[in-house]
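Okay, here's what each chain looks like letter by letter:
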Amino acid sequence: MELVKEKVLSVEKLVKVNAYIASTLAYIIIFPYISPIYSFAFSILLLTALYKDFYKYFTVSRFILNTVGIFLVLLMTLQINPDNIVQPALDTITVLLGLKLLEDKKFRDYMQVYLIVALILSGYTLLSISMVFLLYLVFFVFFLNYGVILLSYYQKDPSLTFDLKQLRSFILKTSLIPVFSIPITVFLFFALPRTSYPMLTFLQGQGKGKTGFSDNVSLGDVSSIQQDDSVVARVVMKKVGEVYLRGVVFDYFDGKRWQSQEKFLNTKFTRLSGQKVEYTVYLEPTYQQYLFSVDIPYNITSPTGFILFRNQDLTYKVDKPITSKVRYEGESFITDSYYQELNSSIYLQLPQISSDIVNLAKQLKKQTPQETAQEISNYLQNFSYSLKDLPSGENPLEDFLFKTKKGNCEYFASAMAVLLRLNGIPSRLVGGYKTFAYNETGGYYIFREKDAHVWVESYIDGRWVKFDPTPPIRNVVVESLYRQNFIKQWLELIDYYYTTFIVNYDFSKQIQLINKIKSNFTNTNLKLSFSLNKNFLAAAFLFLIFIYLVYVFIKHLSEPYEKRVLNLFLKKMKKLGYEKKENEGLEEFVLKIDNPNIKEKALNFVKAYESFLFKDIKITEKEFNYLKELLKDL
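Residues numbered from 1 in each chain as written. Predicted model: local features only at pLDDT ≥ 70, side-chain atom pairs only at ≥ 80, totals over all residues. Heavy atoms only, no water.

A. Layout of the overall build of the chain. Helix and strand counts for the chain come out as 20 helices and 25 strands. The proportion of buried residues among the 634 residues of the chain is 44%. Restricting to contacts in the chain with at least 6 residues of sequence separation, those with at least 24 account for 74%. (Helix = DSSP H or I, 4+ residues; strand = E, 2+ residues; numbered from the N terminus. Buried < 20%, exposed > 50% of the residue type's maximum accessible area, 1.4 Å probe, protein only. Contact = heavy atoms within 4.5 Å.)

Here it is, written out as structure tokens:
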């Protein structure tokens, strides 16, 4: 009974087929989005590479291919601008994939093919997301996983073979990795909180908070506050003493919490005066929409990529949360008051207030609003500043004024604003930062989360007047936290210079640099009279490559069968790890092979080859095909 021999596939052929499948599918996905000239170029390169690898082998100079690749990258830089980035990159990467397929490929070359395919898929996501792409993505997750593992076998032993049963088992087992990893990834995506705050905040302890800026002021929520050293902003400006950084205005009080209603104020006129300063702000990611300004702002610029909104209470917001370092510039006045004509009645709103607080407000009232405001501020200066044992009952403000008589800036500012409103004086809270920490070497103020501060603005005689009722001891507490040794100061300075370099040299600056180089390149002393047509250059250069490939192809077909089959043999042996020396005979070379199986098959080929060669006759196409079949067994 005759046994049917099961078909066997070499790992080398499987790796090669995988590379072409991945490349072809990537091209199909991106086809509608790449330029016709680049699409045509890739098609020619792909077909030529298929012919070379699966039908008739011929060599292509790696130097020529690398030169073409470098030229295409340079050409891509001439096409890039802020509004057109993805298109030139995808065009170039697609043709680079075709060039890579045309090379004589080893392990690293196949890995580069997979990497380029991944880049193409990433680029596609910037152009379109559809359910079809999701199917492609799922397929590639499985396919590339299988391909990379197969490559590891190829690197170890290119002569390894699989029968169909072994191949099916291999594919099934390698698929288990993405099968288990995808559900875990989906679970983590939905389970993990996507927040800028630490996941393990419950470890901080009950009733504790951290210093820092917030879009509301809440009294009684925490009993103690921890200092946070995190840097919020660096403001490059001349030294002017203590600096307030304005962030948000709070105008509505419900008894425990101040909020910003952001109502339309119907402001008619604003006039600023005082010491004018110019500055540059380097703001860390805050994950909020507020921009901070020095004291009373006259104007600030919009950070790159944001839309800026100016509120009538002289605060600024942008259209989306700030999730990366940003830079902007501003002009402000250092002053304790500024004139603004507006309807101030909204700044008299109050919830139900206890009779004790009402009576205290009456006791502190003087002849004029200015005198009353100063009297309230002086009264609160006798209280104690503290970050511990804060009032935390149902009536935190009342407890602060009559029981504990100690608290942080939120309590002092809240108490003053309520007492002012009870006396008919419009008032509001301003939230931001306050510091005197100035780096003399770098020429900038540094603001940390522990510098978060709240103060009061009272509307008196048509002017907003700044009051800071928090006792001066607060400055002493914060100052003690700023005492750094020499090494820490220099580390902070290095961090500042790194931040300014990263923020200033953003992607738009890189594009500007490329455009400047491009401008210099296209306006050399040669004074070319024609404009640079990039598509024409690409077409012309790719046409030259096409001519070169035709030349290589014709040259290959014109070679006698004796030379072609010998080149195939030597190439195959080189892949197997055996390279023939120039002065070495074929049989002498084969007899040195240490693998008995490869040695026997190679010797069979050499004897058959020499039997034709020694007859001094040309090998026919039939004999050439016979020798190629012998090579397939190697």
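Don't stop here, the text continues.
B. How the structure looks around the sheet that holds strand β17 (residues 326–334). Pairing in this open sheet of 6 strands is antiparallel, and the strands run β14-β17-β11-β6-β23-β22 from one edge to the other. Each end of this open sheet is capped by a strand with a single partner; those strands are β14 (296–300) and β22 (438–439). (Pairing = 2+ DSSP bridges.)

C. Expanded view of the layout of surface pockets. Roughly 1200 Å³ of internal volume is contained in the second largest pocket. Contributing to the lining of the second largest pocket are 34 residues, with S10, K13, K572, L631 and K632 lying nearest its centre. Secondary structure elements with two or more residues in the lining of the second largest pocket: β1 (8–10), α1 (11–30), α2 (36–54), α17 (561–575), α19 (596–613) and α20 (621–632). The greatest single-element share of the lining of the second largest pocket, amounting to 5 residues, is contributed by α20. Considered class by class, the residues forming the lining of the second largest pocket number 11 nonpolar, 6 polar and 17 charged. (1 Å grid on protein atoms, 1.4 Å probe; cavity = no way out; pocket = protein on both sides within 12 Å on 5 of 7 lines; lining within 4 Å. Points joined across faces, edges and corners; volume = space filled by probe spheres on them. Nonpolar A, V, L, I, M, F, W, Y, C, P; charged D, E, K, R; others polar.)

D. Main features of the sheet that holds strand β16 (residues 316–318). A sheet is described by the order of its strands in space; here 3 strands give the open sequence β12-β16-β15, paired in antiparallel fashion. Where the open sheet ends on each side, the last strands, each with one partner, are β12 (290–291) and β15 (308–310). As judged from the 3 bridges shared by β15 and β16, these two strands associate in the antiparallel manner. Considered in β16, the bridge of R310 is made with Y316.

E. Structural view of the environment of F569. Position of F569 relative to the elements: it lies in helix α17. Taking the C-alpha atoms as reference, F569 lies 9.3 Å from L634; in sequence the two are 65 residues apart. In contact with F569, other than residues within four places in its own chain, are L586, F589, V590, A602, F605, V606, L631 and L634.

F. Geometry of the pairing of strand β23 (residues 444–448). When you tally the buried positions in β23, you get 5 out of 5 residues, the bulk of the element. Burial along β23 is two-sided: the residues Y444, I446 and R448 and Y445 and F447 are all buried. Bridging between strand β6 (residues 231–236) and β23 involves 5 bridges; their strand directions are antiparallel. Looking at β23, one finds that R234 is bridged to I446. Pairing analysis gives 2 bridges linking β22 to β23, with the strands arranged antiparallel. Each residue of the ladder has a partner; that of N439, found in β23, is Y444.

G. Fine view of the packing of aromatic side chains. On inspection of all chains with the given rule, the structure shows 18 aromatic pairs. Consider the rings of Y459 and W464, whose centres lie 5.0 Å apart with planes at 55°: the pair is tilted. On the accessibility criterion, Y459 (13% relative accessible area) is buried. The cationic tip of K16 hangs over the ring face of F54; the distance from NZ or CZ to the ring centre is 5.9 Å. Seen from the ring of Y290, K317 lies directly overhead, with NZ or CZ sitting 5.0 Å from the centre. (Phe/Tyr/Trp six-rings, centres within 6.5 Å; stacked < 30°, edge-to-face > 60°. Lys NZ or Arg CZ within 6 Å of the ring centre and 35° of its normal.)

H. Focus on the pattern of salt bridges. The full count for this structure, using the stated rule, is 18 salt bridges. Three or more residues joined by partner-sharing salt bridges are found here, namely K52, D53, D104 and K105. (Salt bridge = Lys/Arg side-chain N within 4 Å of Asp/Glu carboxyl O.)

I. Quick look at α2. Look at α2: 27 Å from first C-alpha to last across 19 residues, which is about the 27 Å you get at 1.5 Å a residue. All of the buried residues in α2 are Y38, S39, A41, F42, L45, L46, T48, A49, K52 and D53. (Expected span 1.5 Å × (residues − 1).)

J. Region of the structure containing the nonpolar core. Counting residues in each nonpolar core, the largest one holds 65 residues, and the members touching the most others are L283, L380, L397, F400 and L401. When near neighbours in sequence (up to four residues on either side) are disregarded, L283 contacts V232, A233, Y290, L291, F292, I322, S324, K325, V326 and Y328. V11, L25, A26 and I34 belong to the second-largest nonpolar core, a separate cluster that totals 51 residues. (Core = buried A, V, L, I, M, F, W, Y, C linked by side-chain atoms within 4.5 Å.)

K. Region of interest: unusual backbone geometry. One non-glycine residue, D295, lies in the positive phi region at around 45°. A positive phi angle, close to 65°, is found at L314, a residue other than glycine. Residue position: L314 is located in the loop between β15 and β16. On the accessibility criterion, L314 (2% relative accessible area) is buried.

L. Structural detail: the packing of helix α11 (residues 396–404) against helix α12 (residues 409–422). Running from amino to carboxyl end, α11 crosses α12 at an angle of 95°, the nearest separation of the two axes being 10 Å. The orientation of α11 relative to α12 falls into the category roughly perpendicular. Two secondary-structure elements touch here, α11 through P396, L397, F400 and L401 and α12 through Y411, F412, S414, A415 and V418. (Axes fitted to C-alpha atoms, helices over the stretch in contact; angles between N-to-C directions. Parallel < 35°, antiparallel > 145°, perpendicular 65-115°, else oblique.)

M. How the structure looks around the packing of helix α4 (residues 86–102) against helix α5 (residues 107–125). Two numbers describe how α4 lies on α5: the axes approach to 10 Å, and their chain directions differ by 155°. Our classification of the angle between α4 and α5 gives roughly antiparallel. Classified by chirality, the crossing of α5 by α4 is left-handed. Within the contact between the two elements, α4 uses V86, L90, I93, T94, L96, L97, K100 and L101 and α5 uses D109, Q112, V113, I116, V117, L119, I120, G123 and Y124. Classifying every residue of the contact of α4 with α5 gives 12 nonpolar, 3 polar and 2 charged. (Left-handed = near helix turned anticlockwise from the far one by under 90°.)

N. Fine view of the environment of Y290. Summarising the element assignment, Y290 is placed in strand β12. Given a relative accessible area of 9%, Y290 falls into the buried group. Sequence-wise, Y290 and R246 are 44 residues apart; in three dimensions their C-alpha atoms are separated by 9.7 Å.

O. Summary view of empty space enclosed by the protein. In total, this model carries 3 cavities of 30 Å³ or more according to the counting rule given. Its volume calculated, the largest cavity comes out at about 50 Å³. Considering the residues around the largest cavity, the lining is formed by K16, K52, D53, E103, D104, K105, Y110, K571 and K575. Sorting the residues of the lining of the largest cavity by element identifies α2 and α17 as the ones contributing at least two each. Of the residues contributing to the lining of the largest cavity, the split by class is 1 nonpolar, no polar and 8 charged.

P. Summary view of the pairing of β6. The pairing of β6 with strand β11 (residues 275–283) spans 4 bridges and is antiparallel. When the bridges of β11 are listed, V236 appears paired with T280.

Worth remembering: the numbers are spatial, not functional.
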